[in-house]
Amino acid sequence: SQQGEEDPQALSIQEGENATMNCSYKTSINNLQWYRQNSGRGLVHLILIRSNEREKHSGRLRVTLDTSKKSSSLLITASRAADTASYFCATDPGGYNKLIFGAGTRLAVHP
Amino acid sequence: GAVVSQHPSRVICKSGTSVKIECRSLDFQATTMFWYRQFPKQSLMLMATSNEGSKATYEQGVEKDKFLINHASLTLSTLTVTSAHPEDSSFYICSAIDREYEQYFGPGTRLTVT
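Residues numbered from 1 in each chain as written. Chains lettered and ligands numbered in written order. Predicted model: local features only at pLDDT ≥ 70, side-chain atom pairs only at ≥ 80, totals over all residues. Heavy atoms only, no water.

**A short note on the overall build of chain A**
Logical step 1: Helices and strands together make up the secondary structure of chain A, namely zero helices and 11 strands.
Logical step 2: Ordered by position in the sequence, the α and β elements of chain A form the string β-β-β-β-β-β-β-β-β-β-β.
Logical step 3: Relative to the 2.2 N^0.38 estimate, which gives 13 Å for 111 residues, the radius of gyration of chain A is 13 Å and therefore close to what a compact globule would have.
Logical step 4: The dimensions of chain A, computed from C-alpha atoms along their principal axes, are 40 × 30 × 20 Å.
Logical step 5: Within chain A, the fraction of its 111 residues that count as buried is 43%.
Logical step 6: In chain A, 13 side chains carry a positive charge and 10 a negative one; their mean positions are 5 Å apart. (Helix = DSSP H or I, 4+ residues; strand = E, 2+ residues; numbered from the N terminus. Rg over C-alpha atoms; globule rule 2.2 N^0.38 Å. Buried < 20%, exposed > 50% of the residue type's maximum accessible area, 1.4 Å probe, protein only. Lys, Arg positive; Asp, Glu negative; His and termini not counted. Charge placed at Lys NZ, Arg CZ, Asp CG, Glu CD.)

**Regarding the interface of chain B and chain A**
The extent of an interface is frequently quoted as the accessible surface area lost upon association of the parts.
Logical step 1: If you look at the interface, chain B gives 20 residues, while chain A gives 17 residues.
Logical step 2: Summed over both sides, the interface of chain B with chain A buries roughly 1400 Å², with 57% coming from carbon and sulfur.
Logical step 3: The three residues of chain B that bury the most area against chain A are Ser43, Leu44 and Phe105 of chain B, which together make up 31% of that side's buried surface.
Logical step 4: Where chain B meets chain A, there are one salt bridge.
Logical step 5: For the salt bridge of glutamate 59 of chain B with lysine 98 of chain A, the shortest nitrogen-to-oxygen distance reads 2.9 Å.
Logical step 6: Viewed at the interface, chain A and chain B are joined by six residue pairs in polar contact (both at pLDDT 80 or more).
Logical step 7: Looking at the side of chain B that touches chain A, the elements that each hand over two or more residues are β4 (32–38), β5 (44–51), β9 (90–97) and β10 (103–105) of chain B. (Contact = heavy atoms within 4.5 Å. Buried area = accessible area lost by both parts, 1.4 Å probe. Salt bridge = Lys/Arg side-chain N within 4 Å of Asp/Glu carboxyl O. Polar contact = N/O pair within 3.5 Å; in protein donor to acceptor, adjacent residues only side chain to side chain.)

**What about the nonpolar core?**
Logical step 1: In terms of nonpolar packing, the biggest core is built from 24 residues, with Trp35, Phe67, Leu79, Tyr92 and Leu111 of chain B touching the most fellow members.
Logical step 2: Excluding anything up to four places from it in sequence, leucine 111 of chain B contacts Val11, Cys13, Val19, Val81, Asp88, Ser89, Ser90 and Tyr92 of chain B.
Logical step 3: Core analysis: the next-biggest nonpolar cluster, separate from the first, contains 20 residues, Ile49, Val63, Ala85 and Cys89 of chain A among them. (Core = buried A, V, L, I, M, F, W, Y, C linked by side-chain atoms within 4.5 Å.)

**Quick look at the pairing of strand β4 (residues 31–37) of chain A**
Residues and elements named next belong to chain A.
Logical step 1: Of all seven residues making up β4, seven are buried, and the element is well covered by its neighbours.
Logical step 2: Of the two faces of β4, the one carrying Asn31, Gln33, Tyr35 and Gln37 and the one carrying Leu32, Trp34 and Arg36 are both buried.
Logical step 3: Pairing analysis gives seven bridges linking β4 to strand β5 (residues 43–50), with the strands arranged antiparallel. Across the sheet, residue glutamine 37 finds its bridge partner in β5, namely leucine 43.
Logical step 4: In terms of strand pairing, β4 meets strand β9 (residues 85–91) through six bridges, oriented antiparallel. Its bridge partner lying in β9, tryptophan 34 is registered against cysteine 89. (Pairing = 2+ DSSP bridges.)

**Considerations on the layout of surface pockets**
Logical step 1: When its volume is computed, the largest pocket comes out at roughly 470 Å³.
Logical step 2: If you trace the largest pocket, you find 24 residues lining it, with Ser86 and Arg106 of chain A together with Pro40, Lys41 and Gln42 of chain B closest to the centre.
Logical step 3: Contributing elements (two or more residues each) for the lining of the largest pocket: β9 and β11 (105–110) of chain A.
Logical step 4: The greatest single-element share of the lining of the largest pocket, amounting to four residues, is contributed by β11 of chain A. (1 Å grid on protein atoms, 1.4 Å probe; cavity = no way out; pocket = protein on both sides within 12 Å on 5 of 7 lines; lining within 4 Å. Points joined across faces, edges and corners; volume = space filled by probe spheres on them.)

The structure is reproduced here in structure tokens:
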């Protein structure tokens, strides 16, 4: 079953703008991960944030985690056309690497 | 980084036939692999956990007799879609876990059943 809900489902922005995607989940977690998927391709791991962390940065990516609200956000700053992709959050509620993915946000960055 | 491959990348088959998809960990041994299915514009749904040397564990709602999984070695898991129907058309993605419990995803296999 789907663990996470993501919003927005689709996001269209101009190059240079920031893109924020949100993810909510239902059960307790040890960590939450964000992945990127280009159309018709496999997944690329972006970042993992542990349950005892509140914020994490990686290049132009900033992830926050609020375990009290069971939500996370992914911020991409200074977006580029090459950032166009679908972004998914994923959790591992059971701790056995069985990932449950959110519905995903389709991001379109226009030149 | 670790690499996981899938073969074939695309396959078209006729309704009623069976299709085998391979998932290989190229530079590490994986005792556990996972199979996911992704319908167009939807998220990935976990189908089953493939354990080397033992039976696969299927998620609720996934028919084990229709989606046969064989994890014959530490570097290979296969998913066979038996008696495929058009509704089985989907993107199938595998992942493999290394000794550090890192998970790596394959590039996916696009199955089209006509």
